[in-house]
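Breakdown of the fold
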Amino acid sequence: MKYIFSALLSTFFAFSIAQTNQKIYDIINAVSEDRLRNDVKKLAGFGTRHTLSDTISNTRGIGAARRWIKSEFDKISNDCDNCLEVFYQQDLVEKGTNQRIVKDVMVVNVVAIQRGTKYPNRFIIMSGDIDSRVSDPNNYTSDSPGANDNATGMAGAMEAARVLSQYQFENSIVYVGLSGEEQGLFGGQGLARYAKENDWDIIGVLNNDMIGNIKGVDGVIDNRTFRIFSEPITTDVTDPQLLARQARARRFYGGEVDGISRQLARYVYKTTKTYMPEMNPLMVYRLDRFGRGGHHRPFNDLGFAGLRIMEAHENYTQQHQDIREEDGIKYGDTFEHVNFPYSKKLTAVNAITMASLASAPPSPTKVAIGGIVEASVKLEWNKVEGAKGYKIYWRDTTSPHWEYSRYVEDATQFTLDGIVIDNFLFGVSAVGANGHESVVVFPNSIKR
């Protein structure tokens, strides 16, 4: 009886930490609406941030914008005793690479790394886009303030750096401004290749693209709902035989909607509902908006987990538009249309997700499942360094979110008695002594 009570107390203690961690609430409160407003105004004030625009001027064009972003990251680093590694990551994109590259251009990203104390080579990444555009994607001279698309995402990454740099985390956090998005996702491609070449262990990429509009072109006004786009499974496998084996496994065992990016999306959802229950995260089962793309895609293409966080209701009169007024409608992505209380909320969503992941142990890499024709489910996983315990999740096969869970300690296998394997989907996460848990891992082998 004493052992059972102690186990229950330990379980309750671990979850009470996970759900009431004061540091996470402090992070939410530290996000500044005023700083976001000032940053978006500054970015919109560069006139245009088109990828092919002026790089010489100190007041106009993408060159001036990225130098200012780097200077802000440098200031943030100075305020935290040089806790950030700030640098440019760049690649030359030659004229004619696609129809939107009408001249040779150096696509330059601004990167700031906050190294983890225990896992310096494990990274959670928050990105915003530096560049902007008007109606003609090749017009790199006209005014293109890009206030919402995507000064809001860029400002969010900078503000997250200001807040989270005041803390230390076990895992590393990367704050980055990516260029070349409107011309073909070139900035994301460059950084994803850089990560691969440098053996980065990426926990996930949170791509923020348009987080400042609450009034949709459909007339809906909503300052609490936001979308989380994520692809169902990884798409980096090209070996026909391996693809065939994976397809066969999914046919018999499931997993069609349980890839690493989808699990990352569920993590964002759960963290938001735990700490910001007033918000309404909307899981969208799609890589991105219909037929469109964002800067998480290049990371997905190389096998990394990544998703897009953005507003729920877009206004197309303010996206990719020449600045003008027609029939009483003001077209153009200008500062006046941005809702900063909403931008603050979505910036906080990113900050608490990164803080939670950066505080957690790694996920299990091997999770085996068994229980065919039995009234129980057997799960087995590898021991994870730094894990105090593990959390077994399961959900109905039609549910988008994990519904049920069981916490265990001092074990790398467990049997869920009375649970029929045919009726649910399962996963396992690792939980640290501080109560923070990793992303859930869907079973990747069968236990006979």
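Let me begin by describing the structure that accompanies this report. All residue numbers refer to position in the chain's written sequence, counted from 1. With pLDDT at 70 or above as the cut-off, local features in this predicted model cover only qualifying residues; side-chain atom pairs require 80 or more to be listed or tallied, and sums for whole chains, interfaces and linings still use all residues. Excluding hydrogens and water, the side-chain values take into account all heavy atoms of the structure.

1. Examining the overall build of the protein chain
Keep this limit in mind: Note on conventions: DSSP H or I runs of at least 4 residues are helices, E runs of at least 2 residues are strands, and numbering of each starts at the N terminus. Here the globule rule reads 2.2 Å times residues to the power 0.38, and the radius of gyration is calculated from C-alpha atoms. When a residue's accessible area, from a 1.4 Å probe over protein chains only, is under 20% of the maximum for its type it is buried; when over 50% it is exposed; and in between it is partly exposed. Methods summary: accessible areas were calculated by the Shrake-Rupley approach with a probe of 1.4 Å, and residue burial reflects only the protein chains presented. As used throughout, the charge tally considers Lys and Arg to be positive and Asp and Glu to be negative, leaving His and the chain termini uncounted. For this purpose, a charge sits on NZ of Lys, CZ of Arg, CG of Asp or CD of Glu.
Regarding its fold elements, the protein chain presents 11 helices and 17 strands. Here the protein chain has a C-alpha radius of gyration of 22 Å; the compact-globule value for 448 residues is 22 Å, and the two agree. Principal-axis analysis of the C-alpha atoms places the extent of the protein chain at approximately 70 × 50 × 45 Å. When each of the 448 residues of the protein chain is scored for burial, the buried share is 56%. By element, 50% of the accessible surface of the protein chain is carried by carbon and sulfur atoms, the whole surface being about 19200 Å². In the protein chain, the 51 positive side-chain charges and the 54 negative ones have mean positions that sit 3 Å from each other.

2. Focus on the state of the cysteines
Short version of the rule: Cysteine sulfur atoms are paired as a disulfide whenever they fall within 2.5 Å.
Inspection of the entire model under this criterion finds 1 disulfide. Disulfide pairing places Cys80 opposite Cys83 at an S-S distance of 1.9 Å. The sign of the -80° torsion about the S-S bond sets the Cys80-Cys83 disulfide as left-handed.

3. Some remarks on the side chain of His50
For the record, the criterion: In the analysis that follows, any N or O atom pair within 3.5 Å is treated as a polar contact, provided that within protein one partner can donate a hydrogen and the other can accept it, and provided that, for residues neighboring in sequence, both atoms belong to side chains.
If you trace the backbone, His50 turns up in the loop between helix 3 (33-44) and helix 4 (62-79). The exposure class assigned to His50 is buried, which follows from its relative accessible area of 0%. There is a polar contact of 3.0 Å between the side chain of His50 and the backbone nitrogen of Leu52.

4. A few points about the pattern of salt bridges
Inclusion rule: Any Lys or Arg side-chain nitrogen located within 4 Å of an Asp or Glu carboxyl oxygen qualifies as a salt bridge.
All told, the structure shown has 26 salt bridges when counted by the stated rule. Between Asp288 and Arg289 there is a salt bridge, and its shortest N-O distance comes to 3.6 Å. Look at Arg289 and you get buried, because its relative accessible area is 9%. Lys388 serves as the salt-bridge partner of Glu409, at 3.9 Å between the closest nitrogen and oxygen. Pair noted here: Glu409 is in strand 14 (residues 404-409) and Lys388 is in strand 13 (residues 387-396), with a separation of 21 residues, a long-range link. Given the relative accessible area of 26%, Glu409 is considered partly exposed. A relative accessible area of 34% places Lys388 in the partly exposed class. Taken together, the shared-partner salt bridges connect Arg35, Asp39, Glu72, Lys75, Glu159 and Arg162 into one network.

5. Considering helix 7 (residues 186-197)
Structurally, the α-helix is built with 3.6 residues per turn, so residues lying three or four positions apart point the same way. Put simply, the rule is: Take the residue count of a helix, subtract one, and multiply by 1.5 Å to get its expected span. Here a residue-residue contact requires only that any non-hydrogen atoms of the pair lie within 4.5 Å.
In a regular helix each residue adds 1.5 Å, so 12 residues correspond to 16 Å; helix 7 covers 16 Å between its end C-alpha atoms and thus fits that length. Within helix 7 the residues assigned to the buried category are Phe186, Gly187, Gly188, Gly190, Leu191, Ala192 and Ala195. Packing partners of the buried residues in helix 7 comprise strand 1 (84-93), strand 2 (105-114), strand 4 (171-178), helix 6 (181-184), strand 5 (201-208) and helix 10 (297-301). At the C-terminal side of helix 7, Asp199 shows a positive phi close to 55°.

6. So, a nonpolar patch on the surface
Definition in use: Think of a patch as exposed residues, more than 30% relative accessible area, with no salt bridge, where like charges cluster within 9 Å and nonpolar side chains (Val, Leu, Ile, Met, Phe, Trp, Tyr) cluster within 5 Å.
There is a patch of nonpolar side chains on the surface, built from Phe252, Tyr253, Ile372 and Val373 and spanning about 460 Å² of accessible area. Note that Phe252 resides in helix 8 (residues 240-253). On the basis of relative accessible area, Phe252 is assigned to the exposed category, the value being 52%.

7. Comments concerning the sheet that holds strand 11 (residues 367-370)
We apply this condition: For two strands to be treated as a pair, DSSP must find no fewer than two bridges joining them.
The strand order 15-12-11-17 describes an open sheet built from 4 strands, whose pairing is mixed. Edge positions in the sheet fall to strand 15 (413-417) and strand 17 (445-446), since each has one partner strand and no second. Examined bridge by bridge, strand 12 (residues 376-381) and strand 15 share 5 bridges and lie antiparallel to one another. Bridge assignment links Lys378 to a residue of strand 15, and that residue is Thr415.

8. As for the sheet that holds strand 16 (residues 424-432)
Keep this limit in mind: Comment: axis = line fitted to C-alpha atoms, over the contacting stretch for helices; angle = value between 0 and 180 degrees taken between N-to-C directions.
The strand order across the open sheet built from 3 strands is 14-13-16, with neighbouring strands paired in antiparallel fashion. Each edge of the open sheet is held by one strand with a lone partner, namely strand 14 and strand 16. Strand-to-strand twist across the sheet, computed as the mean angle between neighbouring axes with direction ignored, equals 20°. Where strand 13 lies against strand 16, 9 bridges are found, and the strand directions are antiparallel.

Scope: geometric values only; no functional claims are made or implied.
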